[in-house]
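Chain by chain, the residues run as shown.
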Number of protein chains: 4
Amino acid sequence: MTDSKARIAILGASGYTGSELLRLLLRHPRVEIVALTADRKAGQAVADVFPQFAPFSLPKLITIEQVAWKDVDLVFCALPHGTTQLVIKNVFETAPHVKVVDLSADFRLRDDGAYERWYGHPHQALELQQEAVYGVVELYRDDIRKARLVANPGCYTTTAILPVVPLIEAGAIEPEHIVIDAKSGVTGAGRSAKENLLFTEVTEGMHAYGVGGHRHMAELDQEFSKAAGRTLSPSFTPHLVPMTRGIYATIYLKTGAGVGAEGVHRVLADFYKSEPFVHVMPLGQVPQSRFVKGSNMAFIGVVKDRAPDRVIVISTTDNLMKGASGQAVQNMNLVLGYPETMGLEQIALFP
Amino acid sequence: MTDSKARIAILGASGYTGSELLRLLLRHPRVEIVALTADRKAGQAVADVFPQFAPFSLPKLITIEQVAWKDVDLVFCALPHGTTQLVIKNVFETAPHVKVVDLSADFRLRDDGAYERWYGHPHQALELQQEAVYGVVELYRDDIRKARLVANPGCYTTTAILPVVPLIEAGAIEPEHIVIDAKSGVTGAGRSAKENLLFTEVTEGMHAYGVGGHRHMAELDQEFSKAAGRTLSPSFTPHLVPMTRGIYATIYLKTGAGVGAEGVHRVLADFYKSEPFVHVMPLGQVPQSRFVKGSNMAFIGVVKDRAPDRVIVISTTDNLMKGASGQAVQNMNLVLGYPETMGLEQIALFP
Amino acid sequence: MTDSKARIAILGASGYTGSELLRLLLRHPRVEIVALTADRKAGQAVADVFPQFAPFSLPKLITIEQVAWKDVDLVFCALPHGTTQLVIKNVFETAPHVKVVDLSADFRLRDDGAYERWYGHPHQALELQQEAVYGVVELYRDDIRKARLVANPGCYTTTAILPVVPLIEAGAIEPEHIVIDAKSGVTGAGRSAKENLLFTEVTEGMHAYGVGGHRHMAELDQEFSKAAGRTLSPSFTPHLVPMTRGIYATIYLKTGAGVGAEGVHRVLADFYKSEPFVHVMPLGQVPQSRFVKGSNMAFIGVVKDRAPDRVIVISTTDNLMKGASGQAVQNMNLVLGYPETMGLEQIALFP
Amino acid sequence: MTDSKARIAILGASGYTGSELLRLLLRHPRVEIVALTADRKAGQAVADVFPQFAPFSLPKLITIEQVAWKDVDLVFCALPHGTTQLVIKNVFETAPHVKVVDLSADFRLRDDGAYERWYGHPHQALELQQEAVYGVVELYRDDIRKARLVANPGCYTTTAILPVVPLIEAGAIEPEHIVIDAKSGVTGAGRSAKENLLFTEVTEGMHAYGVGGHRHMAELDQEFSKAAGRTLSPSFTPHLVPMTRGIYATIYLKTGAGVGAEGVHRVLADFYKSEPFVHVMPLGQVPQSRFVKGSNMAFIGVVKDRAPDRVIVISTTDNLMKGASGQAVQNMNLVLGYPETMGLEQIALFP
């Protein structure tokens, strides 16, 4: 598949992760978009749903049933969780040659008990759940290269995992004392018409939600516990902030004896020194969510708190990019054997 | 002074706390605005600086030197910190009958060493520093009634003190484990023309600032330590969020043995059950900053975290109202013997 | 009814004009809120729908059928157009003593043909349509005082009518050359959950809508034509701007011979010199929508264009206040014989 | 210069048009950035000024005097107007081989009297003023290819010229009746720290400015008059809208006899049918500024007004892209003989 183009389908192309995939893939030199689905909008042109694509040539929106799977090499699945697991099971039965990058939550939890506990029903594709690789590229790169099914992680979790997991693994922090105060832009909630997401209900104010019980905790628990070798349940509070894009996680940590903020910074700077999409700022510098808007970058800052054993780590990503579609394309590049940064070179749009 | 009107001066009337005082005092039935200062804009009409006041009759902006102190009963001082202490010292020397509500940070710290440490220079009015009463009304109401000089507290600190101090005093939480993740609207930074406060630098993104060293920590330390009877230094991180008004504090606490979220909620609900400006929501409900915008209310929510000894308390105020000018008028009402809620009855402007 | 309180019902209390009425009426000294309806949310507390009202005592939401009309003196009708006409017809049949201020579009057009043409169905309460008084207070004050049914005008139309009608009547402009480019905040679209009103679809961008055919044109045509004595059809384009409140109308006019901007300004300054809620700025000054946010004021500016016979008039209101609920309370005050400004004294909330 | 890279300097790299040029040029395959100036920030790294560029290798900021002109092939000049003309004069004297794309207003007006009238002082590089080519690519492509100095047009003017000039040239409209109501995002005002551009002064409201006398009128007059063959002075009112990027021009036109909206649409659709960066929507469709954010596209819509001889044309661009830096790179591509769309393929960032 040297210079040929992979044939790509997107299931659920009328949402925001779908449109972000289109934005990226239309400019990716090694892919061809062959199928786009949106069940409720089937028959419409993409430009009817997202007029910014009007100048470009794209297939019409169809239903999932109408996809010609034999002509598809890789599919991005951007459907709601719960329904995704059966859809993907069917895809593999119909077309075992297809690779899948799934942006839903359906295959992120390796433990089926955890899935049932957080999502309220038994998983309906248990074998695939076991097979799926959790797609935080910087932690699972080698597994992803060999994967048939990549479970693209959540935006909150990617943003928190990137700094915290290497610190747990290095023994630099006390894993029982992790407080993650996370703030999200509104695209994180998707494109569904809900009263609480109206402009007038979101602008000029902010609030926490899912306090004490947001589902992304399940992913945090899984990855933090795996890194620590014992069960952890960090404090995690998500907030909705009046901005379109961006996850901003302020993370309060206790350092191990004699580590301090310098030690924490050293671990992260070393861990990410060759990574193209993770930028660890100099010690004491604080990132802004704007620095990553529209790009696939994560920016991480490390700052001393007042007590010598306390450190504040701040991590920020664009929830539609490194937090969703950007990481999904990064995963696709690995699965297809392409250079990892291909099609993801855009620089943040700030201002 | 039964039905007569107190004669009011505002020093620093061209900033946002100044305009908010004007908005409130123009509709307060027992005051008359007799002097407004703005050194750099002296000679201009208020309507040149804040055109929304054009339909109302107000004195011209003058310099501080031009104020006729004998005709003033009470002055609001909305000047930058550092310069305020000498100004107020002079006011008292010139006109000992005048009462002062100071919105700067100059008289908030009772300990002169703490002042010097946080503000980098010795205090220049030490006796007044000792005399000043810290103006969180709900905690110091009786002292304020008798005060000549009220130090109106900071917006972050008011928002955090209201829920946390009663909990420390009740022994309901472990005071060594307090993490305050606070978010502020942009008016908190005042009206000075700085590049980092431009619309284009603030909108559509967010960031922490003053991490590990914001000056409002000094007030938190003072009040939390006083409540606990020992020195505390809580974690506190302020953030700038793209909204005009609002402080939103997400506070991570550890409860004392056998207390739990229910116990925390009970302490707060009891403590504030008769307070007109503090509303404790039912257990498990989460406030939004919009619920208090433009009003003098604080809304407090208490939510269980996943571990039985962890609780998340959320407190929100309008930084220009309960966090500054609203509380200043509340203090004025006490100092002048007026009903505490007079002129502060406005309901939040949402949407 | 000297110092007694009028008993008020609000039909459709769960929308934005409803909540704005609550905000105003809770602080109005001469009214008592006795009934609030919201058909789909009947049984809920107001605080469930608008938590900012939690600290206040208010009746529960009920259905329209549950209203005890004998205990109601005046009703605000904030229901969708089309359904309103029958509801009000029934109210008058059930309780002829009740006065009505209707915030829908149902009774704004005096011509039943015009109604049918713009709304696509025959009017179902033709007699009431004839009886209703169009509630632009500054133009129809005397009629409103005697009215039983006031048709509260649209936000766009109020904002445009205030400057344009007196100019047409004075013969100061050529009524065939009127271009109104109007911009609205998002509350103008109400609280219904529609995809195109999501934060993510509205923020950080703008667009025109209803180009060449917005229904508020019908009111403009009616009032402009009445003033001119002949049929007019001005150009009018509404736009949606990412702000919560505010109508901002930029109006391009041709002046009559020898009038010029000075003449236009003189007509408006004279016409409104005693009006409490209309502020005509000095010639050449330009209003901002912020100057009226949260207040019942209209601000009007007059500026010369480059050609001597061209003038640009700019008018701005808060669409929920002077453009809806504020004007509705102003109308109520007239109908009930109260001072016209009672309960409407709030000053704009800026910043 | 087949596959070699042109060596590029940017004068004034610390402003928003500067950062936008960096965003584009860092990903342009045929350029190398060799010099960046910012007089007041000389000595700093670009990442100190725009941290989003921290992950990339870029030259330090220097003063204009420090530029090694012999190593520069083309310079973008993003300096304030007034100072630019002498700077460029000096560049040409020092290094005649250098090509210039100037983003200031200094060389946009061909008539030196017009320049002096609008800018208040005589032009100081009159010969260059005559030599400069006005850089609306779609109108002056052939001249630009041969130019040494391109005067990149203003954002408002580009947005208005694109639809209006072809219509004037085709005789489809009456050029005496042009009303342009234009709205701009805040980046159009640049990065200077001014009180009226603070977040708190811009968000949640809007206003007109420069009414009757904005300098972009000079460019409109020039290009419209040239197209019409006689002197025109259209009505043009700019507004500041709370969004970062975007120009949105609502243009009220009178059509020539028998033309109508259909005729207007046909002229524009034909004129732009092969243009990569101008998209004329189907008749009756209305663009949104979001559809072009972050891209170099202009979207144009044509809608019938109520009278048969009136038409409303709406044109929108991203003021930093097609309105400034994007068009500047498009001009650079022409000057250097590169494919016109090179480095400008990004699709709009919406949401």
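Because the structure is predicted, anything quoted here is derived from the model rather than measured.

Cut-off values and rules
- Residues numbered from 1 in each chain as written.
- Chains lettered and ligands numbered in written order.
- Predicted model: local features only at pLDDT ≥ 70, side-chain atom pairs only at ≥ 80, totals over all residues.
- Heavy atoms only, no water.
- Least-squares fit on C-alpha atoms with pLDDT ≥ 70 in both.
- Contact = heavy atoms within 4.5 Å.
- Domains from an automatic or database assignment.
- Buried area = accessible area lost by both parts, 1.4 Å probe.
- Salt bridge = Lys/Arg side-chain N within 4 Å of Asp/Glu carboxyl O.
- Polar contact = N/O pair within 3.5 Å; in protein donor to acceptor, adjacent residues only side chain to side chain.
- Helix = DSSP H or I, 4+ residues; strand = E, 2+ residues; numbered from the N terminus.

1. Remarks on the relation of the copies chain A and chain B
Argument step 1. Once turned by 180° and shifted 0.0 Å along the axis, chain A lies on chain B with an RMSD of 0.0 Å. This pairing of chains is accounted for by a two-fold axis.
Argument step 2. Both copies share a contact surface, since 100% of the interface residues of chain A are interface residues in chain B too.

2. Side note on the domain arrangement of chain A
Residues and elements named next belong to chain A.
Argument step 1. Splitting chain A by domain gives domain 1 (6-131) and domain 2 (156-320).
Argument step 2. Taken together, the contact between domain 1 and domain 2 spans 16 residues of the former and 17 residues of the latter.
Argument step 3. Around 1400 Å² of area is buried between domain 1 and domain 2 when both sides are counted, 51% of it from carbon and sulfur atoms.
Argument step 4. Three residues stand out in domain 1 for area buried against domain 2, namely Tyr16, Arg110 and Trp118, and they jointly supply 47% of the buried area on that side.
Argument step 5. Scanning the region where domain 1 abuts domain 2 turns up three salt bridges.
Argument step 6. Residue Glu219 is joined to Arg108 by a salt bridge in which the shortest nitrogen-to-oxygen separation is 2.9 Å.

3. Section: the interface of chain D and chain C
Interface size is often expressed as the accessible area that is lost when the parts come together.
Argument step 1. Every contact between the two is made by 48 residues of chain D and, on the other side, 48 residues of chain C.
Argument step 2. Of the roughly 3900 Å² buried where chain D meets chain C, counting both sides, 50% is carbon and sulfur surface.
Argument step 3. Counting the surface chain D buries against chain C, the share from its top three residues, Glu204, Met206 and Arg306 of chain D, is 20%.
Argument step 4. Summed over the shared surface of chain D and chain C, the result is four salt bridges.
Argument step 5. Residues Asp181 of chain C and Lys183 of chain D are paired through a salt bridge, measuring 3.0 Å at the closest nitrogen-oxygen approach.
Argument step 6. Run the count over chain D and chain C and you get 34 residue pairs in polar contact (both at pLDDT 80 or more).

4. Observations regarding the interface of chain A and chain B
Argument step 1. At the interface, 48 residues of chain A touch 48 residues of chain B.
Argument step 2. For the chain A and chain B pair, buried surface summed over both sides reaches about 3900 Å², with 50% attributable to carbon and sulfur atoms.
Argument step 3. Together, Glu204, Met206 and Arg306 of chain A form the three largest contributors to the area buried by chain A at its contact with chain B, with a combined 20%.
Argument step 4. The tally of links between chain A and chain B comes to four salt bridges.
Argument step 5. Where chain A meets chain B, there are 34 residue pairs in polar contact (both at pLDDT 80 or more).
Argument step 6. Listed by contribution, the elements that provide at least two residues to the side of chain A that touches chain B are β8 (173-184), α8 (199-202), β9 (207-208), α9 (216-228), β10 (235-240), β11 (247-255), β13 (298-304) and β14 (310-317) of chain A.

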